[in-house]
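Working through the structure, step by step
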Amino acid sequence: MTDTSIRTRFAPSPTGMFHVGNARSLLLNWVVARQSGGAMVLRIEDTDAARSRPEWTEGILAAMAWLGVDATQYEGPYSQTDYADKHTEAAQRLRKEGLAYYCDCKREQVQARRDNPNLGYDGFCRDRGLEAGPGRALRFRIPEGGPTLVEDQIRGRVEFPHEALEDFVIARGDGTALFVLANVVDDVEMGITHVIRGEEHLSNAPKQQLLWEALGHTPPVWAHAPVLVNEKRQKLSKRRDKVAMESYQAEGFLPEAMVNYLMLLGWAPGEDREIMPIEEMIPLFDLADVNSSPAFFDEKKLRAFNGDYIRALDVDEFVKRCAPYLEGDEVPWRPEDFDADVFAQIAPLAQSRVAVLSEIVPNVDFLFLDLPIFDEKSWAKAMKPGIGAEMLTAAIATYSDESLDWEAEALKGALEQAGAAQGLKLGKAQAPVRVAVTGRTVGLPLFESLELLGRERTLERLHAALERLNA
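Here the residue numbering is sequential within each chain, running from 1 through the sequence in written order. Only residues with pLDDT of 70 or above have their local features reported here, since the model is predicted, and side-chain atom pairs are shown and tallied only from 80 upward, although totals for entire chains, interfaces and linings are computed over all residues. Hydrogens and water molecules were not included; the side-chain quantities draw on all heavy atoms of the structure.

Where helices and strands are cited, they refer to DSSP runs of H or I of at least four residues and of E of at least two residues respectively, numbered from the N terminus. In terms of helices and strands, the protein chain carries 19 helices and 12 strands. Values of the radius of gyration come from C-alpha atoms, whereas the globule rule sets the reference at 2.2 Å times the count of residues to the power 0.38. Here the C-alpha atoms of the protein chain give a radius of gyration of 31 Å, more than 25% beyond the 23 Å that 2.2 N^0.38 yields for 471 residues. Overall, the protein chain is about 100 × 50 × 40 Å in size when its C-alpha atoms are taken along their principal axes. Expressed as a percentage of its 471 residues, the buried residues of the protein chain come to 48%. As displayed, the protein chain offers around 22500 Å² of accessible surface, 48% of which is attributable to carbon and sulfur atoms. The positive charge centre, built from 53 side chains, and the negative charge centre, built from 74, are 7 Å apart in the protein chain. Remark: exposure states derive from per-residue accessible area (1.4 Å probe, protein chains only) relative to the maximum for the residue type, with buried under 20%, exposed over 50%, and partly exposed in between. Computed with a 1.4 Å probe, the accessible areas rest on the Shrake-Rupley method; for each residue, only the protein chains presented here act as cover. Working convention for charge: Lys and Arg count positive, Asp and Glu count negative, and His plus the chain ends are omitted. Charged groups are reduced to one reference atom each: NZ for lysine, CZ for arginine, CG for aspartic acid, CD for glutamic acid.

Structure below.
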């Protein structure tokens, strides 16, 4: 794309969270605008006052900034309610030109006339000549003939027969515009050339295209991205699925990993590559290459992506990104017991094992606690009769020898010998020691952990575990 007049728009509704589907739509709009040297417009769809709060709008802006789309990279934010006068003006223009009419039909009346609750409005008020009044909505008159053809950059040509479209409401009885009209008027006012959004809005496209034409304007380029589904191929639902971008951010997903993954939902850059920074994706992206089939939002794959991105960080950057998770009221250690130098030493080992940043706490908590937090299943598995007490006793004797160098390789060799004396290979011999020291059977490399923990604290934990086992 080379047309620098391209103007896309990202128009979310403030709903208290930022949906992953909204995030994907944001990125598609932003990338197309970046490709063309054009502009992305941010407009908050706030005509539903009950669902619009300032703090929710702030949440949208914060989530966008986290994804790398800050205030320098879009126009706005604009509010749909700021254009209310324009909405009313357009509605009345359509009425005066005979393209819209007032209707006082109630739903029950329509259903009674059609004897089928699944059928839409029957055009009863088309020629009644009603004037504005309480309880009278303004309906757009679907033109005779048809169909309306929507040329979609992703889905191709989509045909909407006019007999399947009802005369739809564009303004309420109090004169306020509905979303379908407000959206078109705002797009016209803002010079929007490309509307890129989720598939769930495809059914609005013929209505909006008819409104664009009725108002004397050329409709925008349409592109409806595939719906996002879960592992059961059900559309993602906030009531059932993990869809809030804020929850992924809080869990410790990296924004660059999230951006990478979202861009691959329905599109692939080719070259058998998936891990790719957004700056490399931008010149490769083409709306026409987006698959129209539902896209599986696979959290397991996202976690794998995130792990790859974490491991690619410089260690100092990894330490920096972990910082928010190592402080605050939710960490299990006292603030004064956290040692930044010790964490910096263990960080390279932790970096290779965590998939999300929040996993850093259970991996390193044993270093900053008086005693570890025991996972009872781990305890039961490691402290079996004939192994637990025997290996704790052997480890205490081995590690009490002050002639033993307190470094990882020496600690490993000494415990391997102690285990062999019990007829155990290292894997089984170290399990009771690991649980005694860290509280879990799985975690960071044991002997490097012991080296950082120190002889005195290691022995304290071995003794405490033996007492617990014998109690």
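Another point: the sheet that holds strand β5 (residues 137-140). Pairing between strands requires that DSSP locate at least two bridges from one strand to the other. With antiparallel pairing, three strands are arranged side by side in an open sheet as β4-β5-β8. The two strands at the open ends of the sheet, each matched to only one other strand, are β4 (100-103) and β8 (169-171). Shown here is a sheet whose adjacent strand axes are inclined to one another by a mean of 45 degrees, direction ignored. By the bridge criterion, four bridges tie β4 to β5 in an arrangement that is antiparallel. Following the sheet pairing, Y102 is matched in β5 by L138. For helices, the axis comes from a line fit to the C-alpha atoms of the stretch in contact; other axes are also lines fit to C-alpha atoms, and the angle between any two N-to-C directions lies between 0 and 180 degrees.

A carboxyl oxygen of Asp or Glu within 4 Å of a side-chain nitrogen of Lys or Arg is what we treat as a salt bridge. Enumeration over the complete set of coordinates arrives at 29 salt bridges. Between E280 and R273 there is a salt bridge; the shortest N-O distance is 3.1 Å. For E280, a relative accessible area of 37% gives the class partly exposed. Across the pair D370 and R334 runs a salt bridge whose closest N-O atoms are separated by 3.3 Å.

Another point: the environment of E199. Here E199 lies in the loop between β9 (194-198) and α6 (205-214). Judged by relative accessible area, E199 falls into the partly exposed class, the value being 24%. Residues count as neighbours in contact if any of their non-hydrogen atoms are within 4.5 Å of one another. Look past the residues within four positions of E199 in its chain and what remains in contact with it is R155, H224, A225, P226, V227 and S292.

Before going further, it helps to spend a moment on the packing of aromatic side chains. The rule is short: rings of Phe, Tyr and Trp, with Trp giving its six-membered ring, pair when the centres are within 6.5 Å, and they are stacked under 30 degrees, edge-to-face over 60, tilted in between. Taken as a whole and judged by the stated rule, the model has 13 aromatic pairs. A ring pair is formed by Y261 and F305, whose centres lie 5.7 Å apart and whose planes are at 75 degrees; its orientation type is edge-to-face. One end of the pair, Y261, is in helix α8 (residues 255-263); the other, F305, is in helix α10 (residues 299-312), and 44 residues separate them in sequence. Judged by centre distance (5.9 Å) and plane angle (20 degrees), the rings of W333 and F338 are stacked. By relative accessible area, F338 is classed as partly exposed at 25%. One aromatic cluster is present, formed by Y248, F253, Y261, F297 and F305 through successive ring pairs. The lysine or arginine in question, K242, covers the ring of Y248, its NZ or CZ lying 4.4 Å from the ring centre. Our definition puts a charge over a ring when NZ of Lys or CZ of Arg is within 6 Å of the ring centre and also within 35 degrees of the ring normal. It is R468 that lies over the ring of W379; its NZ or CZ is 4.4 Å from the centre.

The subject of this paragraph is the UniProt feature "binding site: ATP" (unreviewed entry) in the protein chain. UniProt positions are given in the numbering used here, feature names are shortened, and annotations may be inferred rather than shown by experiment. With numbering matched to this structure, UniProt assigns "binding site: ATP" (unreviewed entry) to K238. Along the chain, K238 turns up in the loop between β11 (228-229) and α7 (245-251). Those residues in contact with K238 that lie beyond four places of it in its chain are M17 and V243.

Another point: the UniProt feature "domain: Aminoacyl-tRNA synthetase class I anticodon-binding" (unreviewed entry) in the protein chain. Following the UniProt record, the feature "domain: Aminoacyl-tRNA synthetase class I anticodon-binding" (unreviewed entry) maps to residues 317-466 here. Split by type, residues 317-466 is 59% helix and 0% strand. Its first and last C-alpha atoms lie 39 Å apart.

Along the chain, R126 turns up in the loop between α4 (107-114) and β5. Overall, the relative accessible area of 19% leaves R126 in the buried class. Polar contact is the term for a pair of N or O atoms within 3.5 Å; when the atoms are in protein, one must be able to donate a hydrogen and the other to accept it, and sequence-neighboring residues count only if both atoms are side-chain atoms. Of the polar contacts made by the side chain of R126, one reaches the backbone oxygen of I142; its length is 2.7 Å. Not counting residues up to four positions away in its chain, the partners in contact with R126 are Y101, R141, I142, E144 and D167.

Position of R461 among the secondary structure elements: in helix α19 (residues 455-470). Although R461 is buried, it makes no salt bridge; E460 carries the closest opposite charge, 6.3 Å away. At 2.7 Å, the side chain of R461 forms a polar contact with the backbone oxygen of F366. The contacts of R461, once residues within four sequence positions are left out, are F366, L369, D370, L371, P372, A436, V437 and L453.

The peptide bond linking G76 to P77 adopts the cis configuration, its omega dihedral lying at 10 degrees. The residue P77 is located in strand β3 (residues 75-79) in this model. In this structure, R233 takes a positive phi of about 60 degrees despite not being glycine. For R233, the position within the fold is in the loop between β11 and α7.

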